[in-house]
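One letter stands for each residue in the lines below.
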Amino acid sequence: MKPETVNDAAAISTRQESDSRIPHDWVDRYVPPQCHSEGPESVRQARLVVWVSAVVAIGLLAGFLNALVNSTGARGLGPAAAALLVALLPQLLLRTGSVRLAGNVLMGTMFTVVASANLGVGGALLGVYLGGLCLPVVAVLLAGRGAGAIWAALTVAEYALLEVLRRRGVAFPLSTTPEAIEASRIIGPLAMISFLYAIGAVYETLKSKAVEELRAARDRARQADEAKGAFVANMSHEIRTPMNAVIGMTGLLLDTKLEREQHEYVETIRTSGDTLLTIINDILDFAKIESGKLELDRQAFDLRACVGESLDLVALQAGEKGLELALDIGDDVPVMVFTDPTRLRQILANLLSNAVKFTSSGEIVVSLSAEPEDPSRLRFSVRDTGVGVPADRLDRLFLPFSQVDATTTRRFGGTGLGLVISKRFAELLGGDLWVDSVPGQGSTFSLVVHAPEASSSLEHAADSTALRGKRALVVDDNATNRTILVHDLTRWNVNCLPFASAREALASLEAGEEFDFAVLDYQMPEMDGVELGRRIRSLRTGGGFPLLLLSSIGAGALSEGSADSDARSLFSALLSKPAKARLLLEAVLTALGEGGAPPALAGPSGVDRDLGEVHPLRILVAEDNRVNQRVALKMLERLGYRADVAGNGVEALEALDRQPYDLVLMDMQMPEMDGVEASRQVRARSGDAARPWIVAMTANVMPDDRAECLRAGMNDFLAKPVVASALATALRACPAPRSPRSEVSPIQP
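The structure presented is a predicted model; accordingly, all values stated were derived computationally and were not measured. (Residues numbered from 1 in each chain as written. Predicted model: local features only at pLDDT ≥ 70, side-chain atom pairs only at ≥ 80, totals over all residues. Heavy atoms only, no water.)

A. Summary view of the overall build of the chain. For the chain, the count of helices and strands is 24 helices and 17 strands. Partitioning the contacts of the chain with sequence separation of at least 6, the portion at a separation of at least 24 is 71%. Carbon together with sulfur atoms contributes 56% to the accessible area of the chain, which is approximately 37800 Å² in total. (Helix = DSSP H or I, 4+ residues; strand = E, 2+ residues; numbered from the N terminus. Contact = heavy atoms within 4.5 Å. Areas by Shrake-Rupley, 256 points an atom, 1.4 Å probe, with all protein chains shown as cover.)

B. Region of the structure containing the packing of helix α12 (residues 341-357) against helix α14 (residues 418-428). Where α12 contacts α14, the two axes come as close as 10 Å, and the packing angle between them is 145°. Between α12 and α14 the crossing geometry is left-handed. Facing R343, Q346, I347, N350, L351 and N354 of α12, the residues of α14 in contact are G418, L419, I421, S422, F425 and A426. Split by residue class, the contact of α12 with α14 holds 6 nonpolar, 5 polar and 1 charged. (Axes fitted to C-alpha atoms, helices over the stretch in contact; angles between N-to-C directions. Left-handed = near helix turned anticlockwise from the far one by under 90°. Nonpolar A, V, L, I, M, F, W, Y, C, P; charged D, E, K, R; others polar.)

C. Geometry of the confidence of the model for the chain. Chain-level statistics for the chain give a pLDDT mean of 74 and a share of 66% at 70 or above. When pLDDT is averaged over each element of the chain, strand β5 (residues 377-384) comes out on top at 94 and helix α1 (residues 3-20) at the bottom at 42. Every residue in residues 1-23 scores below 50 in pLDDT, and together they form 2 contacts with partners more than four places removed in sequence or on other chains. Here residues 71-76 is modelled with pLDDT under 50, and outside its nearest four sequence neighbours on either side it reaches 6 contacts, counting other chains as well. (pLDDT = per-residue confidence, 0-100.)

D. Structural context of the sheet that holds strand β14 (residues 643-646). Taking strand neighbours across the sheet as the criterion, the 5 strands line up as β14-β13-β15-β16-β17 in an open arrangement whose pairing is parallel. In the strand order of this sheet, the two ends are held by β14 and β17 (716-719), each with one partner. When the angles between neighbouring strand axes are averaged without regard to direction, this sheet yields 20°. Where strand β13 (residues 619-622) meets β14, 4 bridges bridge the pair, whose relative direction is parallel. Among the inter-strand pairings, L620 is bridged to a residue of β14, identified as D644. Strands β13, β15 (663-666), β16 (693-698) and β17 of the sheet are contacted by helix α24 (residues 724-733), whose axis makes an angle of about 170° with β17. (Pairing = 2+ DSSP bridges.)

E. Helix α20 (residues 626-638), seen in detail. Over its 13 residues, α20 extends 19 Å from the first C-alpha to the last, a length consistent with the 18 Å expected when each residue adds 1.5 Å. Every buried residue of α20 is accounted for by N628, Q629, V631, A632, M635 and L636. Each buried residue of α20 sits inside an arc of 165° when the element is viewed along its axis, so together they form one side. Those residues of α20 that are exposed and angled more than 90 degrees off the buried face are R626 and R630. Here α20 starts with a cap whose side-chain oxygen sits 3.1 Å from the backbone nitrogen of V627, and that cap is N625. At the C-terminal side of α20, G640 shows a positive phi close to 95°. (Expected span 1.5 Å × (residues − 1). Buried < 20%, exposed > 50% of the residue type's maximum accessible area, 1.4 Å probe, protein only. Arc of directions from axis to C-beta. Polar contact = N/O pair within 3.5 Å; in protein donor to acceptor, adjacent residues only side chain to side chain.)

F. Examining unusual backbone geometry more closely. Cis geometry is found at the peptide bond from K577 to P578, where omega equals 0°. Locating P578 in the fold gives a position in the loop between β12 (573-576) and α18 (581-591). That bond from K720 to P721 is cis: its omega, 0°, falls within 30 degrees of zero. The backbone of N493 shows a phi angle near 65°, a positive value even though the residue is not glycine. As for its placement among the helices and strands, N493 is situated in the loop between α15 (479-491) and β9 (495-499). Relative accessible area serves as the criterion here: at 35%, N493 is assigned to the partly exposed category. Positive phi, normally seen in glycine, also occurs at E672, with a value near 70°.

G. Geometry of the packing of aromatic side chains. Enumeration over the complete set of coordinates arrives at 1 aromatic pair. Taking the centre distance of 6.2 Å and the plane angle of 70° together, the rings of F515 and F545 count as edge-to-face. With F515 in the loop between α16 (502-510) and β10 (517-521) and F545 in the loop between α17 (529-538) and β11 (547-551), this residue pair connects regions lying 30 residues apart in the sequence. Take F515: its relative accessible area is 8%, and that puts it in the buried class. (Phe/Tyr/Trp six-rings, centres within 6.5 Å; stacked < 30°, edge-to-face > 60°.)

H. Summary view of the side chain of T480. Positionally, T480 belongs in helix α15. Among the polar contacts made by the side chain of T480, one reaches the side chain of E363 at a distance of 2.9 Å.

I. Representation of a nonpolar patch on the surface within the structure. Taken together, the side chains of F231, M235, I239, L276, I279 and I283 make up a nonpolar region of the molecular surface, amounting to roughly 470 Å² of accessible area. Of all elements in the fold, only α9 (178-254) and α10 (260-290) reach the threshold of two or more residues within the nonpolar patch. (Patch = residues over 30% accessible without salt bridge, like charges linked within 9 Å, V, L, I, M, F, W, Y side chains within 5 Å. Salt bridge = Lys/Arg side-chain N within 4 Å of Asp/Glu carboxyl O.)

J. Fine view of the side chain of T359. Among the structural elements, T359 can be located in the loop between α12 and β4 (363-370). Judged by relative accessible area, T359 falls into the buried class, the value being 1%.

K. Summary view of the sheet that holds strand β6 (residues 432-438). Overall, mixed pairing links the 5 strands, which are arranged β2-β4-β5-β7-β6 in an open sheet. Of all the strands in the sheet, just β2 (324-329) and β6 have a single pairing partner and so form its edges. On average, adjacent strands in this sheet sit at an angle of 15° to one another, irrespective of strand direction. Pairing analysis gives 7 bridges linking β6 to strand β7 (residues 442-450), with the strands arranged antiparallel. Bridging across to β7, V435 finds its partner in F445. The sheet contacts of α12 involve β4, β5, β6 and β7, and relative to β5 the element is tilted by about 20°. Packed on one face of the sheet, α14 meets β6 and β7 and runs near 135° to β6.

L. Representation of α12 in the model. Here α12 spans 24 Å end to end across 17 residues, near enough to the 24 Å set by a 1.5 Å rise per residue. When α12 is considered as a whole, its buried residues turn out to be P341, R343, L344, I347, L348, A349, N350, L351, L352, N354, A355 and V356. Two or three places before T342, at the opening of α12, D340 has a side-chain oxygen 3.0 Å from that residue's backbone nitrogen.

M. The arrangement of the pattern of salt bridges in detail. Tallied over the entire structure, the rule returns 20 salt bridges. The partner of E371 in a salt bridge is R379, with the nearest N and O atoms 3.4 Å apart. Look at R379 and you get partly exposed, because its relative accessible area is 33%. Measuring nitrogen to oxygen at the nearest pair gives 3.7 Å for the salt bridge that ties K720 to D667. Remark: D667 occurs in the loop between β15 and α22 (675-685) and K720 occurs in the loop between β17 and α24; sequence separation between them is 53 residues. As far as the burial class goes, K720 and D667 line up, both buried. A cluster of three or more residues bridged by salt bridges with shared partners is formed by E324, D476, D521 and K577.

N. The nonpolar core, seen in detail. Counting 48 residues, the largest nonpolar core has L303, V307, L344, L378, F380 and L447 as its most contacted members. Other than its neighbours up to four places away in sequence, L447 contacts L344, I347, L348, L378, R379, F380, A426, D432 and L433. In terms of nonpolar packing, the next biggest core, distinct from the first, is built from 25 residues, V621, L665, V722 and L727 among them. (Core = buried A, V, L, I, M, F, W, Y, C linked by side-chain atoms within 4.5 Å.)

Next comes the structure, spelled out in structure tokens:
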């Protein structure tokens, strides 16, 4: 047995022997458990309250019995009531757990009894004087020094009044003489003050006890929230680190030459990784919302670009399912608005993703307009032709971890957090989110946000005056898309002739109709857009005008390896659906020779492989994970860069001492020295804060992590898993180097 264990056992044994000599067994029954947790002094005071209560109650009861024996029972009613109150004090102590409360009630009762006795003898007896003066001492023991001072003041005041009355000739014991009545009028308020003080002490004790309980509950809740937040953040970091390798490597692998079956396998891995990442992000966002730590980043931005980016996220998936995507933006919607673009994009992406998930055929239409009564309030609606939701289950859509039913969960998957988070975001943006749905016909999600118009610093859209009076052939089998195309073209003063099928369009051309350009849908029944383009070009007359092709699968429609790759030369431009108005206008002007070069179409991965030549940089990657080192180096290689590697913050500082770098990709958590401390030391050593440009590349994605990186002197922030397009954007943001680039061979980890 350890020495301290022996000592503890001996101490317990000694204390038990000591306690056995004191009859505390029945007293301890009335000592509240919280007194034991507060320490020995609190236990001692509680025991004293019980003992004094017992003695006083017995004494008062004896006085009552004595009054009955002497046939003066009426006089004993007061002491009997006081005895009953004092006898109940241990129960009061046990119920409230407050020594101060019970002690003050006891002192009030004792003071009243002593005051009554003093009135009976006029304060002339020394024993009565000493008995009264003992009250403050007992008050100090029971309720503290403050209470003792109060009761001492009341006792002195009582005796002073008694002495004044005695000198004025008041006879004691009191009778019904005028002097006695005057004395009662003087001494009565003093007794009333004592009772008021006792009541005030009870109130303050109960109030302070309630406040302490609330504070304790608040502290427990805060600790639980902090523990939950720390756990979620730590789990997010641990999951994101390997996910960076999974998503990064599969992205690189998809850019290589793969057989069809291999490509399907890799695409499945990549899609599963993206799904897992979405779940992680939802859980993080939900945890931040629940803890009240979510902050908005309001800024001015291009609203149409934001909506277009949200549509781009689901365009490929919608095209694979054969769904029509349409975008209708009202003329009253401003170009630039002021709100949080990230959260708005996240809401729209979630609504669109759900629409694609729950729609097997038909269309998904996004409409945007300004509220007539308040133009700063914008209304978005996402309408689909999917499965719909029964009216009695609509309320479940916005409950955490809930879906319409278990069957839906098994069939479509999902955590049930997306709509909850979207609704909370909508409320934070000053609006709301709701749904109208008809089972079997589809759903319409309506989003309203407060987004006042902001001053535009963007370049003005292309001038549409050159299109005035032009004639356009519009062919699309989807009525919604056809209506939106006609609406946009009509706004530019173009005369449109729309058709729902290729055969109707060919019949019009054969009848002699003339057009300046044509906008054709790619996927149509009976005859698609490519075949229609071939037929138009084969016409002897009237078939030489520019053709524009709209496709739900974007550049993949005529990419190498597709069935219609040989028809690329038929079309002046190939645009992804839904056709964004600005891009459509630029493409039409370019096709008619009225504009500049058409916007370039991004490749399959959206990566500029010549970025390293256009924007040369000397790059250092500070990353301790070997797999993530390889991912970063390969991504940079695809962008045209070579980079050096440092395994931690110390190695990064040594590398920066050896030679200058334009940009450092800095992980936050590394052994020996983390990225935050390394960034601080880099800024402390360098007089030029712009060099090197430091970009955090980390799996720590909480708002506090981003703020900590920026405070340490970092310039940008990339969350893992890092995708090539985000990395390219961060590299472009780095200022161009002041000196020519020098080739540096990578340091092998």
